[in-house]
Amino acid sequence: MAHSEIISMFPPEHTVPEQYLLDYPMEQREYLCDGEIRQWYGDLQDVVSPIHGAILDAEQQKFLGRYPLLTEKVALEVLESACNAYGNGRGLWPIMSIAERILCVETFTCKMVEQRQEVVKLLMWEIGKTLSDAEKEFDRTIDYIRDTIDALKDLDRTSSRFVFEAGIIGQIRRAPLGVVLCMGPFNYPLNETFTTLIPALIMGNTVVFKPPKLGVLLHKPLLQAFRDSFPNGVVNTVYGDGQEVVGPLMKSGRIDVLAFIGTSRVADILKNQHPKPHRLRCILGLEAKNAGIILSDADIENTVKECVLGSLSFNGQRCTALKVLFIHRNIADTFIDRFCAAVDKLQLGMPWDSETRITPLPEPNKSAYLNELIEDAVGKGAEIVNNNGGKAGHTLVAPTVVYPVSASMRLFSEEQFGPVVPIVPFDTMEEPMNYVADSAYGQQVSIFGNDHKEIAQLVDALVNQVCRVNINCQCQRGPDTFPFTGRKDSAEGTLSVTDALRAFSIRTLAAAKETTANKRILQSIVTERCSKFLSTDFIF
Ligand code: G3H
């Protein structure tokens, strides 16, 4: 594949199917504060697409629009709105019954579904996600919200009773924590933001949310839905430079929970800005360098299929992607031949074409960075082993397989987050096992093999190094009911539909000695439905 062939994949504007055309720049001046969609008249940030414009003007990335670069002053007004809505736990939202909160989230979900087409279109243009992956991201998010509602109903049902223990009567429930700052990543800007935002909200917290640097405009169609579904100040948005708008929020000491998906470097900066770190709960999804370990008796066909998916879905831009493959030397040649053939079949192109598997990369200068990693490995003795490897045009980078990779190369330990697959040969299991143990990260691992005794031994050792061991399949987050977390520099806190409800709440209780007078008081509170907390109401 020649460089010019890749460049020619960027389409003239008139060839973009009409339903996916974005023929207007979106000038977003709006931000959500205190239940109002306010207008911002200050500086704006330009947003360009990873997709270059018409062929005649191919040097230019398509201009998509602008969003507000809010100032510290406005960010603090937004925070004030979230704090007022929480009202030290006495606001309308935190004291609302769970059934009423669920109703608000259901209203929001209906309004969100109406925006599906627009959000999916923007996911394609802003971050280059394929149409089918963008649709999956949207639909998976809706499913996640519905599952969260069901999980909360379950949780509430088990809490709708009194406990009698050692002469004490108690009712134990989960209560909100306060104001949550939600910041998602660019690769799943909708889904991963909402997997923290929705549980945070439904548990009674109020939220300030900042979309990732890439993938901002796609949230605009949802602003009205947020405004119209929740009480004033419960959901608020900030946009702009992290140092200008997020720093002051953290330094204020008024953020109770930081839900952040990004790098550990930024997470550490944010945590350290909080004046009372012991008051801050952190739910963090950070870097990973998940290894695929291919044993000598692995089923080659299945392993190739899973490794292609695992390393190159959404161009390898998944935190769960397989970012290094360890291959037993006995089957290295066979595996690499078959793997490279499958990789070279992946179609490069535009997100809306149904055959496309590899799309333009949204991060600035990403192609140059990946090239640096490849050159470093080649300079130290590795080779590009697939036919299309090493080719790129503008933001489109052909998937590149590099072999044999060794410890001195950057690709061995650096999280490439792109379509480059390093393969490391090994002779003894100690080599990949030491790799996992020495790695700065500890999210997941995949093992491919057939000997049940060997697999059992590996599982027993690896579950103490990472948080999910996948057998004969790629690494992944789903299903969303499974716990998703990591060790070392990969995560803090656990997310799943049910774990997230716990992460954004704390157990609290009301208790009384089991005397006749106290029983009478509690009985009256329950019968006359005077309290939302002391209640035996059951959500059906
Ligand atoms: O980027 C990290 C995502 O949570 C991965 O989710 O494994 O379903 O693609 P996924």
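Residues numbered from 1 in each chain as written. Predicted model: local features only at pLDDT ≥ 70, side-chain atom pairs only at ≥ 80, totals over all residues. Heavy atoms only, no water.

> For this particular structure, what's the right way to read the sheet that holds strand β8 (residues 179-183)?
Either a parallel or an antiparallel arrangement is found when strands of a sheet pair, and the pairing is made through backbone hydrogen bonds. The strand order across the open sheet formed by 6 strands is β10-β9-β8-β11-β12-β24, and the pairing between neighbours is mixed. Two strands close off the open sheet at either side, each with one partner strand: β10 (235-237) and β24 (491-492). By the bridge criterion, 2 bridges tie strand β12 (residues 281-285) to β24 in an arrangement that is antiparallel. Counterpart to L284 in the pairing with β24 is E492. (Pairing = 2+ DSSP bridges. Helix = DSSP H or I, 4+ residues; strand = E, 2+ residues; numbered from the N terminus.)

> I tried to follow the side chain of Q444 on my own but got confused; where do I start?
Mapped onto the elements, Q444 comes out in the loop between β20 (441-442) and β21 (445-448). On the basis of relative accessible area, Q444 is assigned to the buried category, the value being 4%. Side-chain polar atoms of Q444 contact the side chain of N470, separated by 3.0 Å. Polar contacts involving the side chain of Q444 include one to the main-chain carbonyl oxygen of Q476, which spans 2.9 Å. (Buried < 20%, exposed > 50% of the residue type's maximum accessible area, 1.4 Å probe, protein only. Polar contact = N/O pair within 3.5 Å; in protein donor to acceptor, adjacent residues only side chain to side chain.)

> Any chance you could explain the packing of helix α4 (residues 98-114) against helix α7 (residues 191-202) here in plain terms?
The description of two helices packed together rests on the angle between their axes and the distance between the axes. In the contact formed by α4 and α7, the axes pass within 9 Å of each other and the chain directions differ by 145°. For the pair α4 and α7, the contacting residues are R101, I102, V105, F108 and M112 in the first and F194, I198, L201 and I202 in the second. Classifying every residue of the contact of α4 with α7 by side-chain character gives 8 nonpolar, no polar and 1 charged. (Axes fitted to C-alpha atoms, helices over the stretch in contact; angles between N-to-C directions. Contact = heavy atoms within 4.5 Å. Nonpolar A, V, L, I, M, F, W, Y, C, P; charged D, E, K, R; others polar.)

> When you look at the site of the ligand in this model, what are you seeing that I'm missing?
Around the ligand sit R140, N187, Y188, E192, R318, C319, T320, Q476, R477 and F484, and that is every residue in its neighbourhood. In the environment of the ligand, an oxygen atom lies 2.8 Å from a nitrogen or oxygen atom belonging to the side chain of R140. Between an oxygen atom of the ligand and a main-chain N or O atom of C319, the distance comes to 2.7 Å. Relative to its unbound accessible area of 300 Å², the ligand is 94% covered by the protein chains. For the shell around the ligand, a count of residues per class yields 3 nonpolar, 3 polar and 4 charged. (Near = heavy atom within 4 Å. Areas by Shrake-Rupley, 256 points an atom, 1.4 Å probe, with all protein chains shown as cover.)

> Help me understand the packing of aromatic side chains, please; the structure alone is not making it clear to me.
For any pair of aromatic rings, the description rests on two quantities: the centre-to-centre distance and the angle between the ring planes. All told, the structure shown has 14 aromatic pairs when counted by the stated rule. Taking the centre distance of 5.5 Å and the plane angle of 85° together, the rings of W93 and F230 count as edge-to-face. Placement of the pair is W93 in helix α3 (residues 92-95) and F230 in the loop between α8 (223-229) and β10, with a sequence separation of 137 residues. The pair formed by W93 and F230 is uniform in burial state, with each residue classed as buried. (Phe/Tyr/Trp six-rings, centres within 6.5 Å; stacked < 30°, edge-to-face > 60°.)

> Looking at this structure, how should I read the environment of V47?
Its location among the elements puts V47 in strand β4 (residues 44-52). Excluding anything up to four places from it in sequence, V47 contacts K62, F63, L64, G65, R66, Y67, E126 and L217.

> Is there a simple way to explain a negative patch on the surface in this structure?
Together, E106, D143, D147 and D150 make up a region of like negative charge exposed at the surface. In terms of residue count, helix α6 (residues 131-159) provides more of the negative patch than any other element does, 3 residues in total. Here D143 lies in helix α6. Of the residues examined, D143 reaches a relative accessible area of 44% and is grouped as partly exposed. (Patch = residues over 30% accessible without salt bridge, like charges linked within 9 Å, V, L, I, M, F, W, Y side chains within 5 Å. Salt bridge = Lys/Arg side-chain N within 4 Å of Asp/Glu carboxyl O. Lys, Arg positive; Asp, Glu negative; His and termini not counted. Charge placed at Lys NZ, Arg CZ, Asp CG, Glu CD.)

> Can you help me understand the confidence of the model for the chain in this one?
The predicted coordinates of low-pLDDT regions are not to be read in fine detail. Residues of the chain with pLDDT of at least 70 account for 99%, and the chain-wide mean is 96. Looking over the chain, one finds the lowest element-wise mean pLDDT in helix α1 (residues 3-7), namely 87, and the highest in strand β19 (residues 420-426), namely 99. (pLDDT = per-residue confidence, 0-100.)

> Looking at this structure, I do not really get the sheet that holds strand β7 (residues 168-176). What am I missing?
Strand order in the open sheet formed by 3 strands is β6-β7-β25, and the pairing between neighbours is antiparallel. Looking at which strands have only one partner, the edges of the open sheet turn out to be β6 (163-165) and β25 (505-513). Ignoring strand direction, the axes of neighbouring strands in this sheet form an average angle of 35°. Looking at chain direction, β7 and β25 are connected through 9 bridges and run antiparallel. Among the inter-strand pairings, I169 is bridged to a residue of β25, identified as A512.

> So what exactly am I meant to see when it comes to helix α10 (residues 264-273) here?
Where α10 is concerned, the buried positions are S264, A267 and L270. Considered in projection along α10, the buried side chains sweep an arc of 125° and stay on one side of the axis. Facing away from the buried side of α10 by over 90 degrees, the exposed positions are R265 and N272. Its buried side turned inward, α10 meets β8, α9 (242-251), β11 (257-261) and β12. (Arc of directions from axis to C-beta.)

> Just checking my understanding: could you explain the pattern of salt bridges for this structure?
Oppositely charged side chains may form a pair once their charged atoms are brought near each other. Per the stated rule, a full pass over the model turns up 28 salt bridges. In this structure, the salt-bridge partner of K129 is E137, at a minimum N-O distance of 2.7 Å. Residue K129 shares its accessibility class with E137, and that shared class is buried. Ionic pairing is found between R227 and D228, a salt bridge with its closest N-O pair at 2.8 Å. Looking at D228, the relative accessible area reads 41%, which means it is partly exposed. Each member of the salt-bridge network shares a partner with another, and the members are E27, R29, D46 and R66.

> Quick question: what am I supposed to make of the environment of P425 here?
By the secondary structure assignment, P425 is in strand β19. P425 sits in the buried class, given a relative accessible area of 10%. Remark: the alpha-carbon pair of P425 and G91, spanning 334 residues in sequence, is separated by 59 Å. When neighbours within four sequence positions are excluded, P425 is seen to be in contact with I327, R329, Y403, P404, V405 and E431.

> Even after reading the chapter, I still don't get the pairing of strand β5 (residues 61-68), so can you show me in this structure?
Put simply, side chains in a regular strand alternate between the two faces of the sheet. Pairing of strand β1 (residues 26-27) with β5, which is carried by 2 bridges, proceeds in the parallel orientation. Across the sheet, E27 pairs through a bridge with R66, a residue of β5. For β4 and β5, the ladder comprises 6 bridges, and the chain directions are antiparallel. Across the sheet, V47 pairs through a bridge with G65, a residue of β5.

> Help me out: how do you make sense of unusual backbone geometry in this one?
When glycine is set aside, most residues are seen to have a negative phi, and most peptide bonds are trans. Cis geometry is found at the peptide bond from Y403 to P404, where omega equals -15°. Residues G478 and P479 are joined by a peptide bond in cis, for which omega reads -5°. Here P479 shows up in the loop between β22 (469-471) and β23 (487-488). Look at F314: it is not a glycine, yet its phi comes out positive at around 40°. Position of F314 relative to the elements: it lies in the loop between α11 (300-312) and β14 (322-328).

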